[in-house]
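# Chain and residue survey
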Amino acid sequence: MEQKTRILIAVVILLLMVGIMVGVDAFRGRNTTMPSEGGDVELLAGSIPIYVDGEFVAAFVPSDLEKLEGASFVDDEEGKTQEGWLLRDVLGLYLSADELAPGMAITVSSSSREKSVTLTWGEIAEPENFVMFDLSGRGTLKLVSKLEGFDTRDDWVQDVDQIEVAAQ
Amino acid sequence: MKKQPYFTTFELIMLALFSALVVVAKIALRMPLQLSGHSGIFWMALVVAAAGIVPKRGAASLVGLTSGILAAFLGMGDLGALNTFLSYTVIGIGSDLILWLLGGDPENLVVAGLVGTIGHTCKFLVKWALGTLTGAPVGFVALGLVRAVVGYIVFGALGGILGALTLRALRKAGFFAYLAEKK
């Protein structure tokens, strides 16, 4: 076989690999529906539903990123820069200040990883804690922070797909 | 007649050293780039260099496998030991297969670039597949996946080319002649 043909086969293999990933993700990326009081709500694929006391109130969608200021910190564990958007700013987009009290419990979870973390609004609102979403390599959101007890990779919540606010 | 081992002890030591270097590079060499797959520039350079210094089929796979075991035991990566082990291992296997397809000359810049690109993309494919199989949500940001894939391809290619240039420099410095004398 000629070298040109071999190179062509290698390029085709590469394109196939990329095609499979993009194709399957596009197929999975069809809009999904979330149950809500006023009937089912259609959500953009990848968006994060926000529940208050079990009721769906809003969804964090990619277009909202334009309204948020970026934040970053260098983690102590591996010295990597974590860059993204503060959770307090994300919640601030959908919930008014009087809906959020310092002792209120906010749970961020990932169903695929079967992980979740519950923090108080006071901890999230403190800018020094850097409780924020970082964008993972595959484009999903990862909740990271500098907060003591929630500052290592084992604690962080990868592939976040739900935010729950317990107001009562 | 005693059967000769496929890899000599010297070759196994060399490959083990490259495996350790892959893990050390991942820990110690950091670039202030917020781009997916940027570590591939060091990673693929080492894999291509290993495949050139030990020019036998399976050399890159052995580097991938050994570095995967090391990385998994060191608790590297934030997606678990299985993910770490498989993604390191598949880089070696993918590189070996493409090297075999392309005729096995990692000093050729085109070959090395393609080995780097496909080997590194294999790693992303494994991470993506494991994420998809475990029901991870689709990307939050539009084209997040495409951007990540492009990063893996570009840095993998650069790593492969860097590996080929390293092999050329080693040949020029007489390293391969020295190795041949030692045999």
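Our subject in this report is the structure included herewith. Predicted model only: the values in this text are computed from it and were never measured.

Turning to the sheet that holds strand E10 (residues 141–144) of chain A, a few remarks are in order. Residues and elements named next belong to chain A. The strand order across the open sheet built from four strands is E5-E6-E9-E10, with neighbouring strands paired in antiparallel fashion. Because the sheet does not close on itself, it has two edges, and the strands there are strand E5 (70–74) and E10. Strand-to-strand, the axes of this sheet are offset by a mean angle of 45°, without reference to chain direction. Pairing of strand E6 (residues 81–86) with strand E9 (residues 132–135) involves three bridges; the strand directions are antiparallel. Paired with Leu86 across the two strands is Met132, which belongs to E9. Packed onto the sheet, helix H2 (residues 87–94) meets E6, E9 and E10 and runs at close to 20° relative to E6.

This next bit is on the interface of chain B and chain A. In this assembly, 38 residues from chain B lie in contact with 44 residues from chain A. Here chain B and chain A share an interface that buries about 3600 Å² over both sides, 68% of which is from carbon and sulfur atoms. Joining chain B to chain A, the criterion identifies zero salt bridges. Where chain B packs against chain A, one counts two residue pairs in polar contact (both at pLDDT 80 or more). Breaking the side of chain B that touches chain A down by element, the ones donating at least two residues are helix H4 (81–101), helix H5 (109–133) and helix H6 (144–172) of chain B. Among the residues making up the side of chain B that touches chain A, the classes are represented as 23 nonpolar, twelve polar and three charged.

Membership of the largest hydrophobic core comes to 43 residues, with the highest contact counts inside it found for B:Leu15, B:Phe18, B:Ile53, B:Val54, B:Tyr88 and B:Ile118. Going through the elements one at a time, helix H1 (3–28) of chain A together with helix H1 (9–28), helix H2 (40–53), helix H3 (59–73), H4, H5, H6 and helix H7 (175–182) of chain B are the ones with two or more residues in this core. Broken down by element, this core gets its largest block of residues, nine residues, from H2(B). Non-local contacts of B:Leu15, meaning those with residues more than four positions away in its chain, are made with B:Phe7, B:Ala50, B:Val54, B:Ala59, B:Leu62 and B:Val63. Counting 35 residues, the second-largest nonpolar core is a separate cluster that includes A:Ile48, A:Val52, A:Val131 and A:Leu141.

Moving on, we come to the packing of H1(A) against H4(B). The contact between H1(A) and H4(B) brings their axes to 9 Å, and the two run at 150°. As the angle between them shows, H1(A) and H4(B) are arranged roughly antiparallel. Here H1(A) contributes A:Arg6, A:Ile9, A:Ala10 and A:Ile13 to the contact with H4(B), which in turn contributes B:Ile98, B:Trp100 and B:Leu101. When the residues that make up the contact of H1(A) with H4(B) are grouped by side-chain class, the tally is six nonpolar, no polar and one charged.

Residue and element names in this part refer to chain B. Packing of H3 against H4 brings their axes to within 7 Å, and their N-to-C directions diverge by 170°. The angle between the axes of H3 and H4 places the two elements in the roughly antiparallel class. Side by side, H3 and H4 meet where Ala59, Ala60, Ser61, Gly64, Leu65, Ser67, Gly68, Ile69, Ala71 and Ala72 of the first sit next to Ala81, Thr84, Phe85, Tyr88, Thr89, Gly92, Ile93, Ser95 and Asp96 of the second. In the contact of H3 with H4, the residues fall into ten nonpolar, eight polar and one charged.

Here the focus is the environment of A:Glu148. Among the structural elements, A:Glu148 can be located in the loop between E10 and strand E11 (162–166). Separated by 135 residues in sequence, A:Glu148 and A:Ile13 place their C-alpha atoms 46 Å apart.

Moving on: the pairing of strand E4 (residues 55–60) of chain A. Residues and elements named next belong to chain A. The pairing of strand E3 (residues 48–52) with E4 spans five bridges and is classified as antiparallel. Among the inter-strand pairings, Pro49 is bridged to a residue of E4, identified as Ala59. Once E3 ends, the chain turns through two residues before running back antiparallel as E4, passing Asp53 with a positive phi of about 50°.

The next subject is H4(B). In this model, H4(B) (21 residues) spans 30 Å end to end at C-alpha, consistent with the 30 Å of a helix rising 1.5 Å per residue. At the C-terminal side of H4(B), B:Gly103 shows a positive phi close to 95°.

How each quantity is defined
Residues numbered from 1 in each chain as written. Chains lettered and ligands numbered in written order. Predicted model: local features only at pLDDT ≥ 70, side-chain atom pairs only at ≥ 80, totals over all residues. Heavy atoms only, no water. Pairing = 2+ DSSP bridges. Helix = DSSP H or I, 4+ residues; strand = E, 2+ residues; numbered from the N terminus. Axes fitted to C-alpha atoms, helices over the stretch in contact; angles between N-to-C directions. Contact = heavy atoms within 4.5 Å. Buried area = accessible area lost by both parts, 1.4 Å probe. Salt bridge = Lys/Arg side-chain N within 4 Å of Asp/Glu carboxyl O. Polar contact = N/O pair within 3.5 Å; in protein donor to acceptor, adjacent residues only side chain to side chain. Nonpolar A, V, L, I, M, F, W, Y, C, P; charged D, E, K, R; others polar. Core = buried A, V, L, I, M, F, W, Y, C linked by side-chain atoms within 4.5 Å. Buried < 20%, exposed > 50% of the residue type's maximum accessible area, 1.4 Å probe, protein only. Parallel < 35°, antiparallel > 145°, perpendicular 65-115°, else oblique. Expected span 1.5 Å × (residues − 1).

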